[in-house]
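Residue-level structure breakdown
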Amino acid sequence: MSAPLSRIGVLGGTFDPVHHGHLAAASEVCAALGLDQVLLAPTNVQPFKDGFDSAPAEHRLEMCRLAVAGDERLAVTPVDVERGGITYTVDTLTDLRGQLPGAELYFITGADALARLPEWKDSERLTELARFVGVTRPGHALPQLDTAHALVEVPAMAVSSTDVRRRVRAGAPVRYLVPRAVADYIAQHDLYAGGWDD
């Protein structure tokens with residue numbers, strides 16, 4: 001019987017769709033901090049994107065599963081999708097604490113978002129539930145952060161979910177921006193061709 005994983009990263013996001021930049025960030029943090037695994041946690045409904053009509057949660061969840069297949073360091077948790085409603089990080093971490101007793105959680109987010117942590121729902125509880133890790137691209141100025149948080153530079157990747165959606169709508173290739181299985185899934189389910197833009 002294998003030992004339980006004790007150092008778990010949690011990369012939350014809309015993942016609409018998941019792309020190589022997300023996977024690079026998860027991989028770099030996993031290596032830099034010596035984590036046992038990083039969980040991708042797709043949001044159900046993003047609270048900070050008013051008017052944003054994302055692809056259905058079940059599609060975003062499946063694309064994440066396809067993207068991490070074959071990499072034992074990465075996995076996907078449906079915790080937010082199964083809970084339903086608006087996704088708040090405090091709920092994600094509270095539920096994962098219950099599911100992973102004894103694990104040390106590391107919540108991964110952009111360094112700029114981490115600088116706004118006091119604005120997050122129940123922010124005073126967040127640092128009790130997990131250590132926070134801000135990711136930034138090389139060459140970008142780092143925001144002033146509480147020294148309790150970790151910062152990890154990840155390879156610069158000029159890819160965003162918004163750009164992938166626009167390219168799909170325009171009929172432009174996305175093959176090397178997202179994993180091949182994700183590109184195939186988008187085509188198979190005709191995602192993004194008719195909308196879902198911010």
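Provided above is the structure to which this section pertains.
Presented here is an overview of the structure given in this document. Note that the structure is a prediction, hence the values are computed from the model and not measured.

With parallel pairing, the six strands of this open sheet are ordered in space as β3-β2-β1-β4-β5-β6. On the outer flanks of this sheet lie β3 (74–76) and β6 (150–153), each paired with one strand and no other. Adjacent strand axes in the sheet meet at a mean angle of 30°, parallel and antiparallel pairs treated alike. Taken together, the five bridges between strand β1 (residues 7–13) and strand β4 (residues 104–110) define a ladder with parallel strand orientation. Bridged to Leu11 within β4 is Ile108. Of the strands in this sheet, β1, β2 (37–42), β3, β4, β5 (131–136) and β6 are in contact with helix α1 (residues 20–33), which crosses β2 at around 145°. The strands touched by helix α4 (residues 89–99) are β1, β2, β4 and β5; relative to β4, the strand with the most contacts, the crossing angle is about 155°.

The full count for this structure, using the stated rule, is three aromatic pairs. Consider the rings of Phe107 and Phe132, whose centres lie 5.5 Å apart with planes at 45°: the pair is tilted. Taken together, the residues Phe107 in strand β4 and Phe132 in strand β5 connect sequence positions 25 residues apart. We classify Phe107 as buried; its relative accessible area is 5%.

Procedures and definitions
Residues numbered from 1 in each chain as written. Predicted model: local features only at pLDDT ≥ 70, side-chain atom pairs only at ≥ 80, totals over all residues. Heavy atoms only, no water. Pairing = 2+ DSSP bridges. Helix = DSSP H or I, 4+ residues; strand = E, 2+ residues; numbered from the N terminus. Axes fitted to C-alpha atoms, helices over the stretch in contact; angles between N-to-C directions. Contact = heavy atoms within 4.5 Å. Phe/Tyr/Trp six-rings, centres within 6.5 Å; stacked < 30°, edge-to-face > 60°. Buried < 20%, exposed > 50% of the residue type's maximum accessible area, 1.4 Å probe, protein only.

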